[in-house]
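Chains, contacts and geometry: an overview
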Amino acid sequence: MRKSGVTVVVALSLGAVAGAALAQAKPEQLVRQRQAVMILQGKYFGPLAGMAQGKAPYNADIVRRNAAFLDNLSRMPWDAFDPATKDVKSNALPAVFEQQDKFKEAASRLENELHKLYEVSRSGDENAVKTQIGAVGKACGACHENFRQKQ
Ligand code: HEC
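Residues numbered from 1 in each chain as written. Predicted model: local features only at pLDDT ≥ 70, side-chain atom pairs only at ≥ 80, totals over all residues. Heavy atoms only, no water.

**Brief notes about the site of the ligand**
For the record, the criterion: Note on definitions. A residue lies near a molecule or strand when any single heavy atom of the residue is within 4 Å of it. Distance and chemistry together define a polar contact, namely a pair of N or O atoms within 3.5 Å, with one atom able to donate a hydrogen and the other to accept it when in protein, and with adjacent residues in sequence counting only for side-chain atoms on both sides. Counting from the N terminus, the helices are DSSP H or I runs at least four residues long and the strands are E runs at least two residues long. Charged means Asp, Glu, Lys or Arg here, nonpolar means Ala, Val, Leu, Ile, Met, Phe, Trp, Tyr, Cys or Pro, and polar covers whatever is left, Gly included.
Near the ligand you find 21 residues, and of these R34, M38, C140, C143 and H144 are the closest. A distance of 2.8 Å is found between an oxygen atom of the ligand and a side-chain nitrogen or oxygen belonging to Q35. Measuring from a nitrogen atom of the ligand, one finds a side-chain N or O atom of H144 at 2.8 Å. Where the shell around the ligand is concerned, the elements lending two or more residues are α2 (27–52), α5 (100–121) and α6 (126–147). Counting residues per element, the shell around the ligand draws most heavily on α2, at 6 residues. The residue inventory of the shell around the ligand, partitioned by class, reads 13 nonpolar, 6 polar and 2 charged.

**Structural notes on the packing of aromatic side chains**
Where we set the bar: Aromatic rings from Phe, Tyr and Trp, with only the six-membered ring used for Trp, were paired whenever their centres fell within 6.5 Å, and each pair was classed as stacked if the ring planes differed by under 30 degrees, edge-to-face if by over 60, and tilted otherwise. Partly exposed residues are those whose accessible area sits between 20% and 50% of the maximum for their type, while under 20% is buried and over 50% is exposed, using a 1.4 Å probe and protein chains only.
The final tally for this structure, using the stated rule, is 5 aromatic pairs. Pairing W78 with F81 gives two aromatic rings, centres 6.1 Å apart and planes at 25 degrees, and the pair type is stacked. Judged on exposure class, the residue W78 and its partner F81 are both buried.

Next up, the structure:
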């Protein structure tokens, strides 16, 4: 009897978690989520940019790890740029919602460049990796130029 009681409690709490995940996230929450992903992209891209610019010693292990993190992170922020968030205070310019095709194109560009970086980071060619880090940096910058409030 005790065992089945525990099963019921577990089933109920899993149900609550699934319910929370399915509920429509609030606009403020979406903004926090996309900013969190951007902050992590900055965290894991920063050291790679430093290596590509010769400001930090090249470390193939860190490049491989960060490239894998970034390959995944780069797919996470976009669904949080939902039109429901357009009146929430953030650093996203109105252009994000007014030129959705252009924004999506800039997002795909980043995903593609980061996926290439992930692949190149596994080939072990330092020069190719550094060139690709540069291409990623340009993809970040191009989008910020058009879609993010100037800092
Ligand atoms: C397709 C567009 C786009 C691309 C590509 C992009 N960003 Fe962003 N980024 C934004 C927008 C828009 C904001 C402002 C978001 C907000 O305030 O809600 C932002 C914000 C940020 C922030 C500030 C986060 C905060 O709230 O403090 C950092 C850091 C950042 N981006 C890093 C990066 C890095 C690093 C890359 C490349 C690896 C990158 N971004 C690629 C659009 C982009």
